[in-house]
Amino acid sequence: MNRLFRLGPVLRARKAQEDAARGAVLQSRQEILHAQALVKRRQLELAGADAPTEGTARAMVASMVARQSMAAVLSGAHRLVTDAEELALEKQAVLADAAKRRRAVESMAERHAEAVRSHDLRTEQNTLDEMAVTSKARNAARGIDAAREQRSNVLRHGNGTALDREDAARRTANSVAAQRAVVNLGDARKVIDASRSTLALAAKRDAGPAELSDEGIADEVTGSRA
């Protein structure tokens, strides 16, 4: 599965377009504020220029012309406010369209990310299942009960608690001791004496008549001395 979202550059371009449209909307709002401020200033100027009630006709005509000019400037300021508001609405529509197009690509990116996560979870689960099967087969080969997770020979494989291993060692030692033959020291002494006597008689038989006669002479000498 391709982990890289192929429309990533498109998504970045849509976000850039949305940011630009948002900047245009903010600028149009600032223009509206400037136009409204201009209207307020022109209204104050027009209110401060009262129509003359006395003076020459020329002065009165000039004052009236000035008031008409101020009124025209105020009307132009109102038109600026109207134009700025219409432009702001257009910029807002552009921003909404850019956001919609960005969300469309972003939804595709989210679906792709979810597909990648699902694929990773399936892969991880398959790996865990394979490891479990392999471990079960290995345990069966080593003599481990897969249902209880206990080894068939605790002493050999070293599984279980320390108390279990100590009990197994004690039972093994008792079994070995029971199979050994009990040796009686008294009987062993008798066996050794009997073996020595047998060896002495055999040595005498092998020595021959000469040694027997020498022993007889020695016995006679010993007897005469006695």
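Residues numbered from 1 in each chain as written. Predicted model: local features only at pLDDT ≥ 70, side-chain atom pairs only at ≥ 80, totals over all residues. Heavy atoms only, no water.

1. Here we look at the nonpolar core
Ala35, Leu38, Val39, Leu74, Ala77 and Val81 form the largest nonpolar core, which has six residues in total. Only α1 (8–48) and α2 (57–141) provide two or more residues apiece to this core. If sequence neighbours within four positions are ignored, Leu38 has contacts with Ala77 and Leu80. (Core = buried A, V, L, I, M, F, W, Y, C linked by side-chain atoms within 4.5 Å. Buried < 20%, exposed > 50% of the residue type's maximum accessible area, 1.4 Å probe, protein only. Helix = DSSP H or I, 4+ residues; strand = E, 2+ residues; numbered from the N terminus. Contact = heavy atoms within 4.5 Å.)

2. Points about the environment of Glu45
Mapped onto the fold, Glu45 is located in helix α1. Taking the C-alpha atoms as reference, Glu45 lies 9.4 Å from Ala71; in sequence the two are 26 residues apart.

3. What about the pattern of salt bridges?
All chains considered together, the criterion is met by seven salt bridges. Two residues, Arg22 and Glu18, come together in a salt bridge whose shortest N-O distance is 3.1 Å. With Arg22 and Glu18 both in helix α1 and four residues apart, the pair spans about one turn of that helix. For Arg22, a relative accessible area of 35% corresponds to the partly exposed category. Given a relative accessible area of 6%, Glu18 falls into the buried group. Asp19 serves as the salt-bridge partner of Arg22, at 3.1 Å between the closest nitrogen and oxygen. Here Asp19 and Arg22 lie together in helix α1, a separation of three residues that amounts to about one turn. (Salt bridge = Lys/Arg side-chain N within 4 Å of Asp/Glu carboxyl O.)

Keep in mind these values describe shape, not function.
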